[in-house]
Structures are given as C-alpha cells and as structure tokens.
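So you can see what is in the structure, the chains are spelled out below.
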Amino acid sequence: MQVADKSTADGIPDYSVEPSVVLKSPTFHDITETIVKPIESPPSFKWLMALAISMALFSVELIGWGVSFYYGTGMWGNNIPVAWAFPIVNFVFWVGIGHAGTLISAILFLFRQKWRNGIARFAEAMTIFAVMCAGLFPLFHTGRPWLPLYLMPYPNKHAVWVNFLSPLVWDVFAVSTYFTVSLFFWYTGLVPDFATLRDRTLGKDLISKVKKTIYSVLSLGWRFSNRHWRHYERVYLILAGLSTPLVLSVHTIVSFDFAVSGLPGWHTTIFPPYFVAGAIFSGFAMVVTVLVFIRYIFDMQHIITIDTLEKMNKIILLTGTLVGYAYGMEFFIAWYSGNLVEQFVFINRAFGPYAWAYWIMISCNVISPQMFWSRKLRRSVPIMFVTSIFVNIGMWFERYVITVTSLTRDFLPSSWGWYNPTFTDFSLLFGSFGMFFTLTLLFVKFMPLVAISEVKGIMDIAKPTHHHGGDH
Amino acid sequence: MSSSNKLFALTGLFDTPDEIMHAAETASKKYRKYDVNTPFPVHGMDDAMGLGESPIGWVTIIIGSTCMLLMLAFIAWVSLVDYPNIWAGKPYFNLPGYIPILFEVTVLTGAVSTVIIMFTIACGLPRNSHPLHDTAYMQRTSDDKFGICLEADDEAFDEASAHELLTSLGAKKIEPIYFDAEKEKSGLSLLNPWFLGFGGTVAVGMSVFVYLAFNYMVFEAPYNWMSVQPRVTHQKSNNVFADGRSMQKPVAGTISRGYLPDPYEKDPETMGKFVVNPLPVTQEVLDMGKEKFESRCSACHGNYGNGDSRLPSDAYPAGPSLHSPKIVDYTDGRINHIITHGQNVMPSYAKQLTKDERWAVVHYIRALQRSQNPKETDLK
C-alpha cells in the first residue's frame, strides 16, 4: 500500500517492490461494502441503459436462432466450398475469449500473481458466458439442434458409436469439459461470497426473505469454518492445477479441427500454440474492454486498479507479438516447405480477393498492441479501451481469414468459390455480443463482481505478523 | 427463542488475524471440539489448530484416474469388439488418437468429483440449519471479524472457564449460542416425504419428457423437415401440367438418353438371322468375355457352360447346358438376344452388361463350345 501511494504521489514508480493490489488502505468491512454495493443498491440508470441495449441486441440473436431453427442452416451464407464460415469463426472467437478467464483464475493463481484477485471472478464469469455464446454455433451448425445427444457416445438405436479419432468428437469432449470445470471453479469461488451476502440480508420484508433463501441455498450453508477452509483452499489449488492444462488443451483441440484436415493453410503444426496465444490475446482484450466499463459504472477504481489493467496490457502486448510471430512463421514455412499450393494460399491471403480482411487482421493484432511498449499509453484508460476493441476485431478477422481464404481457394481452381454472409449470419454474430453483455450485466448486478474473501486474504492487514510454526 | 434453550457453544470475536491465531493455538491445547470462523482463510491457521494437510487431493487422483481407465476400457470395447471400423487407415485400437478424450475425461471427473466430495463429505454441506447460522457472531465473521467457537459438546467444556479463557485472550465480544435440540433433529433430511415426493415427481416427469421427446417429438413437424420435404414425386398429382400428372411423357419424336428402342426386342429369329458379332476374336475380347461370363453367367450355367449351377436347386432352377446342339446351332445374334432380353426364367442382362460385353460373352461361349466338344481338326 505504501509503495502504491508513493508512486502515484510523486510520479516516480518504484519497480523494485510489487505494488499493492488494493489501493486506499480500506478495512475488511470497506471491502465488503464496496463489492456488495451494486448488488444491494437499486439499479443505476447507467446499468439499466446498458442492459437495455444489450437485451435489444440479444433479441436480434434470438430471432436469428429462431430463423435458423425453423428454416434450417440454409438461411446462412455457408455452402460448398465454404461449408465452414461464420458459425466456426464465431465459435472459435468466443471460445478464445473464454480462455483469458481461465488463464487469470488458474494459471496466474498458480504463479501467485496477486493482482489477479481483483479481476479473477469477473474473468471466470466471462469464460462461462463466452463458452455459452460459442456452444450455440456448432450446435445449430449440426442442422438438427434438438438432437445434441448424437454428439455423445451413448448406446443408441442406430447401433452406431462416435468416431473417437475425430477432432470434432474431441471438440465435444473438450468444450463440454471446459464449460463444466469452469462452472465448478466459478461456483466454488462464489460459495463464501454468497454466504457473506446471506449474512448481510437481514430485512424482514418478503423480498429480503426471498433473497435470503436464495443466498442460503447458493451458499450451501457455508460457515467460514477453518475446518472447511483448509479443504476449500486445497480444492481451489487442485482446480487451478487441473484447469491450467485444460485451457491449453481446449484451444489446441479447437485448432485440430483445422490442422487435422488436409487443406492448405490449415494443415500446419504451428496451429495449437498459435491458437492458444491468440485465444489468450483476444480474451485479455475482451476483459479489458468490459472491465474499463464496469469499474467506471460501479466506481471500483480502487479495487480494479490501473496497475492491474497495466499488467493486462503487458500480457496483451506479449501475446499479440506471439501471434504476429505465428503469422510470419506461417509465411516462412509456406516458402521453406517448397509446397506450391501452400505458397499460393498464403500469397492469396495477403494479396488475393480477401486481402482487406488479412490487412485488417495484421493492423489490429500485430501493429495496434505495439503502442503498449510505452508505459504512458499502457496506463491510459481511453487508449487501452480503443486498442482492446481493435484487438477483438482483429482476432475475429484472424479466424475469418483462416477459414474463408483457405476454403474459397483450395487445390482445384474449378472448385473455387466465394462467400457471402447473409443477414441471419450477421444477426447471429452481433446478437451473440448482446447475449454476452446481457449475461455479464446481470452477473455484475446480482453476484459479487470481485471475490470478497480472496481480496480480503491478500490485503496487508490480513497476514499474521508473527508465524506460529508455519512453513513461511 | 424460548425453545432454543440448549447451549451450543461459547463464541468470542477478535479484530486481527494475530489475535485469532493466538486464540486458536491456546484453545487447541484444551479443547477438541472448537472451530475458528474467519472471513478468509488465514495463513498458518491449520498449523495453529493442529489440523495438518487436507487429504482431498486423493479424491482427484483416484476418481480421475479410475474414470480415465474406465473410459479407455469403454473405447477399447467399442473399437475392438462392438463397432470395429478402420478410420483413416489407422489400427482398430489407436491409442494416440484417444489421448485428448482420455485427458478431458480425467480432468472432468477429477474436478467435478473433488468439488462435490469437498462440499458434501468433507464439509458436511449443504446445511442451513446449523446453530451458528443467523447469529450476530456469524454475521460479523462473514464480514470483518475473526471468531472462535468453543462447543459445549467438548468433554473439557465448562461455560465459566471458557468465558474466562476468552476474556484472557482478549476477545472483544463474548456471546453464548443456544439451539433447539428438538428442532435440530426434525430438520430437513433426505428421507423427508415431501422431499422424496418432489424429487420422485421431477425424476419421473423428466424421464417421461425425455422419452416422448426422443421417440415422438423429433418425428413431428417442424423437426421432420428433413424426411418430409415439399417435392414432386412421380405418382402424385400436379396442378402445373394440363393432364394433372407429375411425371410427363417425353416430348413427341424424342428419345430419352439410354432408352434407344431395340427393333429386335420381340423378334429373336430376325436378329439371329441378320445381326452379326461386331467384335473381332482377339485375346482381349476373350478375356473380357471370360471375366463377364464367370461373374454373371457361371452361377447358373456353370464355369464351363455345362449347366451345373452352384445355386440351391430348390430356389433357382439350374440353367441349361450351353453345349446342346440347339444352342450350338444358334447364331451369335440369337444368343445375344437371349442375353439382352432374357428367355423363360432367365432375366435380361442388359443392365449388368454393356453392349460390347454381351458380344464378348458370346465369343467366349463359342470358345467354350469348341473346347468342350472339340473336332478332330482342333486336336494336335
């Protein structure tokens, strides 16, 4: 706390000491009050406006899904040769967004990065909402969204089993595992906070009683007992340890959907690390976009600090540069392999009919994050907001470029084609943002946005000053 | 509150982590049944209370690896026993390809089982009827205070001495907590008839719904749009055409592709008289004729045309010998007519054999006839 105050006071940062996560030296009670304030106070005008816009967009998506459900996938622009277009682009985009949440909640937890605590809960929620948005696209792309059971290996009347060697089946396992484990991880973290909310809901009117009942059920009757905390902390560590390889496996398997096929531009071994880096990149950008808004709407500048956002921007810079390296390496390998079809595909990407999409991708993903080399720009909220939106646009176009350029022009010029998205495609793309923001806004209003017990646990006053036979 | 008369515990609240650590250490020397309630896990508290490491990690390891092995056994059974298929030229059992699924199953079952077992078995939750719930003590420890709770069940417990201990430790607020022993016993349990009835109704309702959905709903509109499509089938009526039929006759004076009429169809004798075999007798033609004869004709006529059918005679009448004087005397065109249009029980082979193949078969039949009944001049 001292360090953080000093660096902001005289403007000379002290890099030798990790700045405190929580500013303003609050007490434990202040933390509780700040975090539960949005939940306990009536909805603000800003929040209601945001919710109205999001729900309007969400209803556009619902209409799009209804049309796709009733009339079928013929309402979309994809057809032979571009059989995979917006649905897979949006799926990969949203799954990638989700990866930042797990990275923040699990990987940074294992690395003992305490700055993560202010944003971990929100990022985990974002993971769950993003995977929900993502899952709808392949579900509807199957053509019969009412038969998702066929994706699972179960004893059926057709006497047929799924092909366990297919990346699409791996995808079903990976994404459903990812969603379930993320949900359990998130809920485990929420249990003590629901208990705090339960103990704060003391009103005698009907609404308070209903609220209290809901919080009691959700908190499972958590009593903050240390005999429970010791299991709880260990489980949290185990979940972080399990989620870390899981999150890497999920986007690896998503990239296998492309890489295992024999199509030029897809059939490359760089895809798994390239996709994982891209997923973290886009996910962190989305976290920054939404957090900048939320800390403004709910007045949480001292819990979601500028230091935290700066660290996020550093990771955006790192992963953005990794992605840029992957773009370059794809070109190098196309040349180095001596494969004419591969070479044609990459030249076609950069200078063919879809060159506009390729250069949008390059300028948004590779060039725009480079401004974060400057500490001043890294700590500027408007700059990081605009950049994070650019990164989101760029990462969406990355998947668009990979999918559409490779499919429109593969081996045989006679089977080349063109892709035109339809109105339904666009309604699903923009509507999925509506779904995501609607869920996010409802979450920040009705659940603790920041992990109350975690933030208290990392405050300076939370550490016992003398240790009693501990190992630290 | 009048019925809450039994003492559950004596509680004390402290302000800082240091004080609660000290209190826990002191209490652990005297009591077994006591607990510390803190708004967040305080570092070193496990050692202060003498609790040691949580064994919950074994759940993850054991359940995760067991389920992984079960999944591997299931995949092995599917790919080796129940549904063996060659996919992409790989072996039936292709372990590297199963690694992603095995990994996901391990993580899924390990994580889910750990969380569930931690909450239910290790912590005894969900439980909303604990005496500590809805007390001022709980409301402070869930916010900003650090509490210790000395339970009355403990053998060494004595209210006066416990109070003295908490005072000497510097507790800011000391409060006894009472509970209703009768109510505690009659609380919600898994055997509650209402709970069982509700759970049973939900389970039966869901099962019926799922059964109906998968056996009936998916075959009704609009879910049947793939099997029931708006299209014109040949026997249906059709308002577009004047004669009201869906299937129209070809335009007068035209012939559909593949439907060139055969002028000799009803007249085998004329064909036998005027049509000659257009193919030359070469090794190639005879090879083709042999191949087609053996695959199409030999089942009934025998490999050498002797009429020794390989098929069960009760179901398929044996074909006649091709070496009878009648057939030897037939012209090439006459034999070709039989192959093309059939005769008696023999069906037409025009669909199975092309025009050239039929003529090649005729040449091969001639070769068979000559080899089975050779003339003097044929022999060396």
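Everything quoted here is computed from the prediction, not taken from an experiment. (Residues numbered from 1 in each chain as written. Chains lettered and ligands numbered in written order. Predicted model: local features only at pLDDT ≥ 70, side-chain atom pairs only at ≥ 80, totals over all residues. Heavy atoms only, no water.)

A. Here's a closer look at the overall build of chain A. Tallying secondary structure elements over chain A gives 16 helices and zero strands in all. Seen through its principal axes, chain A has C-alpha atoms that stretch 75 × 60 × 50 Å. Counting over 472 residues, chain A shows a buried share of 59%. Taking the contacts inside chain A whose residues are at least 6 apart along the sequence as the reference set, 81% of them involve residues at least 24 apart. Roughly 18800 Å² of accessible area belongs to chain A as shown, and the carbon and sulfur atoms make up 71% of that amount. Averaging the locations of the 33 positively and 26 negatively charged side chains of chain A gives two centres separated by 6 Å. (Helix = DSSP H or I, 4+ residues; strand = E, 2+ residues; numbered from the N terminus. Buried < 20%, exposed > 50% of the residue type's maximum accessible area, 1.4 Å probe, protein only. Contact = heavy atoms within 4.5 Å. Areas by Shrake-Rupley, 256 points an atom, 1.4 Å probe, with all protein chains shown as cover. Lys, Arg positive; Asp, Glu negative; His and termini not counted. Charge placed at Lys NZ, Arg CZ, Asp CG, Glu CD.)

B. Region of interest: the overall build of chain B. Within chain B, the regular secondary structure consists of 13 helices and four strands. Here the C-alpha atoms of chain B give a radius of gyration of 46 Å, more than 25% beyond the 21 Å that 2.2 N^0.38 yields for 380 residues. Across its three principal directions, the C-alpha atoms of chain B cover 135 × 65 × 40 Å. Across the 380 residues that make up chain B, the buried fraction comes to 36%. Restricting to contacts in chain B with at least 6 residues of sequence separation, those with at least 24 account for 66%. (Rg over C-alpha atoms; globule rule 2.2 N^0.38 Å.)

C. Fine view of the nonpolar core. One finds Trp94, Phe122, Trp222 and Tyr400 of chain A together with Ile148 and Leu150 of chain B to be the most contacted residues of the largest nonpolar core, which totals 194 residues. The element contributing the most residues to this core is helix H9 (residues 271-297) of chain A, with 17 residues. For Tyr400 of chain A, the contacting residues outside a window of four places in its chain are Phe86, Val89, Tyr354, Trp356, Ala357, Thr405 and Tyr419 of chain A. Counting 19 residues, the second-largest nonpolar core is a separate cluster that includes Phe293, Ile335, Ile338 and Leu353 of chain B. (Core = buried A, V, L, I, M, F, W, Y, C linked by side-chain atoms within 4.5 Å.)

D. Quick peek at the packing of aromatic side chains. Residues and elements named next belong to chain A. Counted according to the given criterion, the structure contains 67 aromatic pairs over all chains. Measuring from ring centre to ring centre gives 5.7 Å for Trp170 and Phe256, while their planes differ by 70°; the resulting arrangement is edge-to-face. Of the two residues, Trp170 is situated in helix H6 (residues 167-200) and Phe256 in helix H8 (residues 226-259); the sequence distance between them amounts to 86 residues. When its relative accessible area of 9% is taken as the criterion, Trp170 is described as buried. The class for Phe256 is partly exposed, based on a relative accessible area of 24%. With a centroid separation of 5.4 Å and an interplanar angle of 65°, the aromatic rings of Phe331 and Phe346 are classed as edge-to-face. Here Phe346 lies in helix H11 (residues 340-351) and Phe331 lies in helix H10 (residues 306-337), a separation of 15 residues in the sequence. (Phe/Tyr/Trp six-rings, centres within 6.5 Å; stacked < 30°, edge-to-face > 60°.)

E. Region of the structure containing the pattern of salt bridges. Under the definition given, this model contains 21 salt bridges over all chains. Between Glu330 of chain A and Arg349 of chain A there is a salt bridge, and its shortest N-O distance comes to 3.7 Å. Here Glu330 of chain A is found in helix H10, whereas its partner Arg349 of chain A is found in helix H11, with 19 residues between them in sequence. For the pair formed by Glu330 of chain A and Arg349 of chain A, the shared burial category is buried. The shortest N-O distance in the salt bridge between Arg334 of chain B and Glu269 of chain B comes to 3.3 Å. With Arg334 of chain B in helix H12 (residues 332-341) and Glu269 of chain B in helix H9 (residues 268-274), this pair connects stretches of sequence that are 65 residues apart. Taking the relative accessible area as the measure of exposure, Arg334 of chain B reaches 9% and is therefore buried. (Salt bridge = Lys/Arg side-chain N within 4 Å of Asp/Glu carboxyl O.)

F. Expanded view of the interface of chain B and chain A. Opposite the 80 residues of chain B that make contact, chain A presents 73 residues. At the boundary of chain B with chain A, total buried surface from both sides reaches about 7000 Å², with 67% on carbon and sulfur atoms. Close ionic contact of Arg234 of chain A with Glu53 of chain B constitutes a salt bridge, the shortest N to O distance being 3.4 Å. If you look at where chain B meets chain A, you find 27 residue pairs in polar contact (both at pLDDT 80 or more). If you list the elements that add at least two residues to the side of chain B that touches chain A, you get helix H1 (17-30), strand S2 (34-37), helix H2 (45-49), helix H3 (57-82), helix H4 (95-122), helix H5 (136-141) and helix H8 (193-215) of chain B. With 18 residues, H4 of chain B is the single largest residue contributor to the side of chain B that touches chain A. (Buried area = accessible area lost by both parts, 1.4 Å probe. Polar contact = N/O pair within 3.5 Å; in protein donor to acceptor, adjacent residues only side chain to side chain.)

G. Fine view of helix H15 (residues 423-446) of chain A. For H15 of chain A, spanning 24 residues, the distance from its first C-alpha to its last is 34 Å, which sits close to the expected 34 Å at 1.5 Å a residue. Counting buried residues along H15 of chain A, 17 of its 24 residues qualify, which places the element largely inside the surrounding structure. (Expected span 1.5 Å × (residues − 1).)

H. Fine view of the environment of His231 of chain A. Among the structural elements, His231 of chain A can be located in helix H8. Apart from the residues lying within four places of it in its own chain, the contact partners of His231 of chain A are Ser54, Pro55, Ile56, Met118 and Ala122 of chain B.

I. The sheet that holds strand S4 (residues 173-179) of chain B, seen in detail. Residue and element names in this part refer to chain B. The antiparallel open sheet is built from four strands, whose spatial order is S2-S3-S1-S4. The open sheet has two edge strands with one neighbour each: S2 and S4. Taking each pair of neighbouring strands and ignoring which way they run, the sheet shows an average axis angle of 20°. Across seven bridges, strand S1 (residues 6-14) lies against S4 in antiparallel orientation. When the bridges of S4 are listed, Leu10 appears paired with Pro176. Together, S1, S2 and strand S3 (146-151) form the strand contacts of H1, whose direction differs from that of S3 by roughly 15°. (Pairing = 2+ DSSP bridges. Axes fitted to C-alpha atoms, helices over the stretch in contact; angles between N-to-C directions.)

J. Just empty space enclosed by the protein, in detail. Scanning the entire structure with this criterion turns up five cavities of 30 Å³ or more. Considered as a void within the structure, the largest cavity measures approximately 70 Å³ in volume. Tallied by class, the residues present in the lining of the largest cavity amount to nine nonpolar, three polar and no charged. (1 Å grid on protein atoms, 1.4 Å probe; cavity = no way out; pocket = protein on both sides within 12 Å on 5 of 7 lines; lining within 4 Å. Points joined across faces, edges and corners; volume = space filled by probe spheres on them. Nonpolar A, V, L, I, M, F, W, Y, C, P; charged D, E, K, R; others polar.)

K. Summary view of the confidence of the model for chain A. Residue and element names in this part refer to chain A. Per-residue pLDDT for chain A averages 87, and the proportion of residues at 70 or more is 93%. Contacts for the low-pLDDT stretch residues 1-19, under 50 throughout, to residues beyond four places or in other chains number 20 contacts. A low-confidence stretch, residues 468-472 (pLDDT under 50), is modelled with nine contacts involving residues beyond four sequence positions or located in other chains. (pLDDT = per-residue confidence, 0-100.)

L. Spatial organisation of the pairing of S3 of chain B. All names here are of chain B. By the criterion of burial, S3 is predominantly enclosed, with six of the six residues buried. Of the two faces of S3, the one carrying Phe146, Ile148 and Leu150 and the one carrying Gly147, Cys149 and Glu151 are both buried. Judged from the six bridges that link them, S1 and S3 form a sheet pairing that is antiparallel. Note that in S3 the partner of Leu13 across the bridge is Gly147. By the bridge criterion, four bridges tie S2 to S3 in an arrangement that is antiparallel. In the sheet register, Val36 faces S3, and the bridge partner there is Ile148.

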